[in-house]
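What follows is each chain in one-letter form.
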Amino acid sequence: LLFAMLLTGIRGQLIGLIAGLVFYLSIVLIKKPKWMGGAIAFGIPTTFFAIINWNTLYRILSENVPNFSAYTLTTIKTGMSTTQRLEQIGLVLELFFKHPIVGIGTGGFAYYTSWGYPHNIILEILSENGLIGLMVFLGFLFAIGFNALKILHHINHLNETHRNIGLVILTVAITLFTGRQFSYGLDGNKEIGRASCRERV
């Protein structure tokens with residue numbers, strides 16, 4: 001799955017997927033110390049080898065893996081995607097300071113700018129729904145996070161099936177939420193804005 005995402009060159013979703021997998025593996029390895037020892041024994045020398053041979057590895061990867069050049073530091077810093085997002089962040093701040101309390105209204109970012117959305121759902125809420133909307137959304141996230149911590153706290157007391165289901169749900173939630181900080185508008189997030197998606201259909 002990671003390799004397939006890498007091939008697409010979509011960095012935001014790849015970051016989200018990595019964040020979800022890091023969370024999942026962290027929980028699994030904490031519960032299984034023997035696996036953690038093996039992961040460390042394998043990971044440290046592999047990372048060391050990759051750093052030492054990076055120039056050779058980069059040349060091989062860029063020649064054989066489609067879109068690998070999208071992951072260079074130069075592309076990330078000055079590429080079109082980064083330039084566009086920086087412009088969108090500036091527009092979000094400009095619109096937010098005009099109406100900081102209630103925002104410019106749902107769908108306002110697309111209406112007042114040449115962009116459909118700012119590629120970050122928190123920034124989109126901030127500009128369109130202001131501080132009130134952001135506080136409601138953060139409350140929503142807090143409720144999810146609070147229940148997630150309860151699941152993690154009691155995870156050893158759950159049977160194996162429920163434990164696995166809980167971990168998968170939390171992993172998917174972290175993956176999707178992280179990815180949505182780099183791409184998609186709020187109404188394009190069916191996991192969060194299902195009602196507004198239904199209205200558009």
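Position numbers for residues start from 1 in each chain and track the written sequence from start to end. Predicted model: local features are reported for residues with pLDDT of at least 70 only, side-chain atom pairs are reported and counted for 80 or more only, and whole-chain, interface and lining totals are derived from all residues. Computation of side-chain values covers all heavy atoms of the structure but excludes hydrogens and water.

Colleague: Any chance you could break down the side chain of Ser183 for me, citing the residues and the numbers?
Modeller: Every helix listed is a DSSP run of H or I at least four residues long, and every strand listed is a run of E at least two residues long, numbered separately from the N terminus. Mapped onto the elements of the fold, Ser183 is located in the loop between helix H9 (160–179) and helix H10 (194–200). Each residue gets one of three labels from its accessible area relative to the maximum for its type: buried under 20%, exposed over 50%, partly exposed in between, using a 1.4 Å probe on protein chains only. For Ser183, a relative accessible area of 16% translates into the label buried. With near-sequence residues (within four places) excluded, Ser183 lies in contact with Gln13, Arg85 and His119. In what follows, residue pairs with any heavy atoms lying within 4.5 Å of each other are defined as contacts.

Colleague: How would you explain a nonpolar patch on the surface if you had to name every residue and give the values?
Modeller: A surface patch of nonpolar side chains, amounting to about 390 Å² of accessible area, comprises Leu2, Ile18, Leu21, Val22 and Leu25. Mapped onto the elements of the fold, Leu25 is located in helix H2 (residues 11–31). The class of Leu25 is partly exposed, set by a relative accessible area of 46%. Patches were defined on residues exceeding 30% relative accessible area and lacking a salt bridge, with like-charge contacts within 9 Å and nonpolar side-chain contacts (Val, Leu, Ile, Met, Phe, Trp, Tyr) within 5 Å. Methods summary: accessible areas were calculated by the Shrake-Rupley approach with a probe of 1.4 Å, and residue burial reflects only the protein chains presented. Any Lys or Arg side-chain nitrogen found within 4 Å of a carboxyl oxygen on Asp or Glu counts as a salt bridge.

Colleague: An account of the side chain of Asn120 is requested, with residue identities and associated values reported.
Modeller: Tracing the sequence through the fold places Asn120 in the loop between helix H7 (108–112) and helix H8 (121–153). By relative accessible area, Asn120 is classed as buried at 15%. Among residues more than four places away in sequence, those in contact with Asn120 are Arg180, Gln181 and Tyr184.

Colleague: Please set out the layout of surface pockets residue by residue, giving values where relevant.
Modeller: Points on a 1 Å grid over protein atoms alone make up a cavity when a 1.4 Å probe fits among them but cannot get out, and a pocket when they form an open set with protein on both sides within 12 Å along at least five of seven lines; lining residues each have an atom within 4 Å of a point. Grid points are joined across faces, edges and corners, and a volume is the space filled by probe spheres set on the points. When its volume is computed, the second largest pocket comes out at roughly 410 Å³. Forming the boundary of the second largest pocket are 21 residues, of which Arg11, Gly12, Ser81, Arg85 and Phe182 lie nearest the centre. Sorting the residues of the lining of the second largest pocket by element identifies H2 and helix H6 (80–98) as the ones contributing at least two each. In this classification, Asp, Glu, Lys and Arg are treated as charged, Ala, Val, Leu, Ile, Met, Phe, Trp, Tyr, Cys and Pro as nonpolar, and every other residue, Gly included, as polar. Here the residues of the lining of the second largest pocket are counted per class, giving 10 nonpolar, 9 polar and 2 charged.

Colleague: A description of the confidence of the model for the protein should follow, citing residues and the corresponding values.
Modeller: Per-residue confidence from the predictor is reported as pLDDT, which spans 0 to 100. In the predicted model, the protein carries a mean pLDDT of 82, and the fraction of residues at 70 or more is 93%. The spread of mean pLDDT over the elements of the protein runs between H10, the lowest at 41, and H6, the highest at 91. Across residues 193–201 the pLDDT falls below 50, and counting only partners more than four positions away or on other chains, this stretch makes 8 contacts in the model.

Colleague: A description of the packing of aromatic side chains should follow, citing residues and the corresponding values.
Modeller: Put simply, two rings from Phe, Tyr or Trp (the six-membered ring, in Trp's case) pair if the centres are within 6.5 Å, and we call them stacked under 30 degrees between planes, edge-to-face over 60, tilted for the rest. Tallying each qualifying case throughout the model produces 5 aromatic pairs. Look at Tyr111 and Tyr112: their rings are 5.0 Å apart centre to centre, the planes differ by 90 degrees, and that puts the pair in the edge-to-face class.

Colleague: Outline the environment of His119, supporting the account with residue identities and numerical values.
Modeller: Here His119 lies in the loop between H7 and H8. With 31 residues separating them in the primary sequence, His119 and Gln88 have C-alpha atoms 8.0 Å apart.

Colleague: I'd like to hear about the packing of H2 against helix H3 (residues 33–52), residue by residue, with values.
Modeller: A fitted line through C-alpha atoms represents every axis, and for helices the fit uses only the stretch in contact; the resulting angles, taken between N-to-C directions, go from 0 to 180 degrees. At a minimum axis distance of 5 Å, the contact between H2 and H3 shows a crossing angle of 120 degrees. Classified by the angle between their axes, H2 and H3 sit oblique to one another. Facing H2, whose interface residues are Val28, Leu29, Ile30 and Lys31, H3 presents Pro33, Trp35, Met36 and Ala39. Here the contact of H2 with H3 is built from residues that sort into 7 nonpolar, no polar and 1 charged. Roughly parallel means an angle under 35 degrees; roughly antiparallel, over 145; roughly perpendicular, 65 to 115; everything else is oblique.

Colleague: So what about the packing of H6 against H8? Which residues, and what values?
Modeller: When two helices pack together, you describe them by how their axes are tilted relative to each other and by the distance separating the axes. Closest axis-to-axis distance for the H6/H8 pair is 9 Å, and the angle between their directions is 10 degrees. Relative to H8, the element H6 lies roughly parallel. Contact residues: H6 offers Ile89, Val92, Leu95 and Phe96, while H8 offers Leu123, Leu126, Ser127 and Leu131. Per-class residue counts for the contact of H6 with H8 are 7 nonpolar, 1 polar and no charged.

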